[in-house]
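These are the residues of each chain, in order.
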Amino acid sequence: SQLFIKDLHFDGVPVRIYLPREPSASKRRGVIFFHGGCGIFGSIRSYERICQYIARKSDSVVASVGYHLAPEHKYPAQTLECLTATVHFLKTADTYGVDPARIIVCGDSVGGTYTASVCQELGHRTDIPKICAQVLIYPFLQALNFNLPSHQKNAAVAFLSREHTVHFILKYLNKDCSLKEPILAGSHVPESRNLKYRKWINPDLIPDVFKLGYKPPLPTSFLPQVHEEVQELFEPWFSPLLAEDAVVCLLPDTCIVTCEHDVLRDEGLLYKKRLEDNNVRVTWHHVEKGFH
């Protein structure tokens, strides 16, 4: 009763808009929301209550993006649709009573991946309004190392276990699920890549308080045939933690939410450090009893 709700298309991408009914003296904030679900589950409808809540509580116009799901729609269709919808909303914000200088992008889980990717992609653009901030809710940010402390600690946590994470990645990319074990072991990453990205993806960068009981994994042998099969995992669009500093330093103010009982906890912690190292302002919320 407090919101107008409209189903639209932004340049062909399904979007549901939530507009507060109460008249506003000035232009409102805008929120672009990308739902979670590993890129293969979830929908506008399944996130209806969350988006209504955000619109009501923050008195903002929320645009929930209904990107098409994999594997029927092949990666990177999902990222591209999120990008298309974001650019459209930034360009047409006035139409919805939104201040184009006060638009944030927000997403949970893989929605956090799309949020990070979209903000990285648009950081250098001068032809459209700048994104005001990004909100990453327990985001998935890298597919190189599945042996970080949070992967070990939460390996068997319900819903998103360590094995499920890699299983869903392979389903999302329409790859053979027999690749799961070598990827979990890290056999898909050549030593040259490990050396290059160690400065960004490394248990040593995680605060000690999050490493209780952590045991460094045993060395593993590189399997070139597995590496060849999963080239997508090394793209910043898939693993935003791998973006170069020249991209990261242009990112907007960021809020990162991590949960203690989540295999993806440490990816949020590592991205937080990367952003701070590049002088991006970060607000961090850690939910001690939270899970993915």
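Residues numbered from 1 in each chain as written. Predicted model: local features only at pLDDT ≥ 70, side-chain atom pairs only at ≥ 80, totals over all residues. Heavy atoms only, no water.

The name that an unreviewed UniProt entry assigns to the chain is ADCL4 protein, with the source organism given as Myiagra hebetior.

Student: Explain the overall build of the chain to me, please; I cannot follow it from the model alone.
Tutor: Helices and strands together make up the secondary structure of the chain, namely 10 helices and eight strands. The C-alpha radius of gyration computed for the chain amounts to 19 Å, which stays within 12% of the reference 19 Å derived for 292 residues, consistent with globular compactness. The principal-axis extent of the C-alpha atoms belonging to the chain is close to 60 × 40 × 35 Å. Scored against the burial criterion, the 292 residues of the chain give a buried share of 55%. Within the chain, residue pairs in contact and separated by at least 24 positions form 76% of the contacts whose partners lie at least 6 positions apart. (Helix = DSSP H or I, 4+ residues; strand = E, 2+ residues; numbered from the N terminus. Rg over C-alpha atoms; globule rule 2.2 N^0.38 Å. Buried < 20%, exposed > 50% of the residue type's maximum accessible area, 1.4 Å probe, protein only. Contact = heavy atoms within 4.5 Å.)

Student: Before we go on, may I ask you to explain the nonpolar core in this structure?
Tutor: The nonpolar side chains of soluble globular proteins are, as a tendency, buried together. In terms of nonpolar packing, the biggest core is built from 75 residues, with Ile 17, Phe 89, Ile 183, Leu 233, Phe 238 and Tyr 271 touching the most fellow members. Beyond its immediate chain neighbours, meaning those up to four positions away, Ile 17 contacts Phe 4, Ile 5, Lys 6, Leu 8, Phe 10, Val 61, Val 62, Ala 63, Phe 89 and Tyr 96. Tyr 18, Val 31, Val 135 and Val 257 belong to the second largest nonpolar core, which has 13 residues in total. (Core = buried A, V, L, I, M, F, W, Y, C linked by side-chain atoms within 4.5 Å.)

Student: Sorry, what's going on with helix α3 (residues 110-122) here?
Tutor: For an α-helix the count is 3.6 residues per turn, leaving residues at separations of three or four pointing the same way. The terminal C-alpha atoms of α3 lie 18 Å apart, and with 13 residues this matches the ideal 18 Å at 1.5 Å per residue to within 8%. Counting buried positions along α3 gives 12 out of 13 residues, so the element sits mostly inside the fold. Along α3, the residues that are buried comprise Val 110, Gly 111, Gly 112, Thr 113, Tyr 114, Thr 115, Ala 116, Ser 117, Val 118, Cys 119, Gln 120 and Leu 122. (Expected span 1.5 Å × (residues − 1).)

Student: Any chance you could explain the environment of Ala 133 here in plain terms?
Tutor: Mapped onto the elements of the fold, Ala 133 is located in strand β6 (residues 133-137). With a relative accessible area of 16%, Ala 133 lands in the buried category. Measuring from C-alpha to C-alpha, the distance between Ala 133 and Ile 103 comes to 7.2 Å, with 30 residues separating the pair along the chain. When residues no more than four places from it in sequence are discounted, the contact partners of Ala 133 are Ile 103, Ile 104, Val 105, Pro 252 and Asp 253.

Student: What should I look at first to understand the UniProt feature "domain: Alpha/beta hydrolase fold-3" (unreviewed entry) in the chain in this one?
Tutor: Within this structure's numbering, the places UniProt gives as "domain: Alpha/beta hydrolase fold-3" (unreviewed entry) are residues 31-183 and 232-292. When the span residues 232-292 is considered, its composition is 28% helix and 31% strand, and the gap between its end C-alpha atoms is 24 Å. (UniProt positions renumbered as here; feature names shortened; annotations may be inferred.)

Student: Quick question: what am I supposed to make of the packing of aromatic side chains here?
Tutor: The description of an aromatic ring pair rests on the distance of the ring centres and on the angle between the ring planes. Overall, the coordinates contain 12 aromatic pairs when judged by the stated rule. Here the aromatic rings of Tyr 197 and Trp 200 are separated by 5.9 Å at their centres, their planes lie at 35 degrees, and the arrangement is tilted. Look at Tyr 197 and you get buried, because its relative accessible area is 7%. For Trp 200, a relative accessible area of 6% corresponds to the buried category. Three or more aromatic residues joined by ring pairs make a cluster, and in this case those are Tyr 75, Phe 140, Tyr 172 and Phe 238. (Phe/Tyr/Trp six-rings, centres within 6.5 Å; stacked < 30°, edge-to-face > 60°.)

Student: Looking at this structure, I do not really get the pattern of salt bridges. What am I missing?
Tutor: Side-chain pairs of opposite charge can arise where the charged atoms are in close proximity. Enumeration over the complete set of coordinates arrives at 17 salt bridges. Notably, a salt bridge pairs Asp 253 with Arg 281, separated by 2.6 Å at the nearest N-O pair. Residue Asp 253 is located in strand β7 (residues 253-261), and its partner Arg 281 is located in the loop between α10 (265-277) and β8 (282-291); the two are separated by 28 residues in the primary sequence. For Asp 253, a relative accessible area of 29% corresponds to the partly exposed category. (Salt bridge = Lys/Arg side-chain N within 4 Å of Asp/Glu carboxyl O.)

Student: Explain the pairing of strand β5 (residues 98-108) to me, please; I cannot follow it from the model alone.
Tutor: Side-chain direction in a regular strand flips from residue to residue, so the side chains alternate between the two faces of the sheet. Relative to β5, strand β3 (residues 28-34) runs parallel, the two being bridged by six bridges. By the bridge assignment for β5, Arg 28 is matched with Val 98. In this structure, β5 lies alongside β6, joined through five bridges in parallel fashion. Bridge pairing in β6 links Val 105 to Gln 134. Each parallel crossover has a hand, and for β5 linked through α3 to β6 it is right-handed. (Pairing = 2+ DSSP bridges. Right-handed = clockwise from strand over helix to strand, strands pointing away.)

Student: Would you take a moment to explain the sheet that holds β8 for this structure?
Tutor: Strands belonging to one sheet form pairs held by backbone hydrogen bonds; the direction of such a pair is parallel or antiparallel. Ordered by their spatial adjacency, eight strands build an open sheet running β1-β2-β4-β3-β5-β6-β7-β8, and the pairing between neighbours is mixed. Each edge of the sheet is formed by a strand with only one pairing partner; in this case those strands are β1 (3-10) and β8. Across the sheet, the axes of successive neighbouring strands diverge by a mean angle of 20 degrees, strand direction being ignored. The strands touched by α3 are β3, β5 and β6; relative to β5, the strand with the most contacts, the crossing angle is about 140 degrees. (Axes fitted to C-alpha atoms, helices over the stretch in contact; angles between N-to-C directions.)

Student: I tried to follow the environment of Val 87 on my own but got confused; where do I start?
Tutor: As for its placement among the helices and strands, Val 87 is situated in helix α2 (residues 77-92). The class of Val 87 is buried, set by a relative accessible area of 13%. Considered as a pair, Val 87 and Ile 169 are 82 residues apart in the sequence and their alpha carbons are 27 Å apart. Among all residues touching Val 87, those that are not within four sequence positions of it are Leu 122, Arg 125 and Ile 128.

Student: When you look at the side chain of Ser 60 in this model, what are you seeing that I'm missing?
Tutor: Secondary-structure assignment places Ser 60 in strand β4 (residues 60-65). In this structure the side chain of Ser 60 is engaged in a polar contact, spanning 2.9 Å, whose partner is the side chain of Ser 58. Residue contacts for Ser 60: discarding those within four places in its chain leaves Tyr 18, Pro 20, Arg 28, Arg 29, Val 31 and Ala 55. (Polar contact = N/O pair within 3.5 Å; in protein donor to acceptor, adjacent residues only side chain to side chain.)

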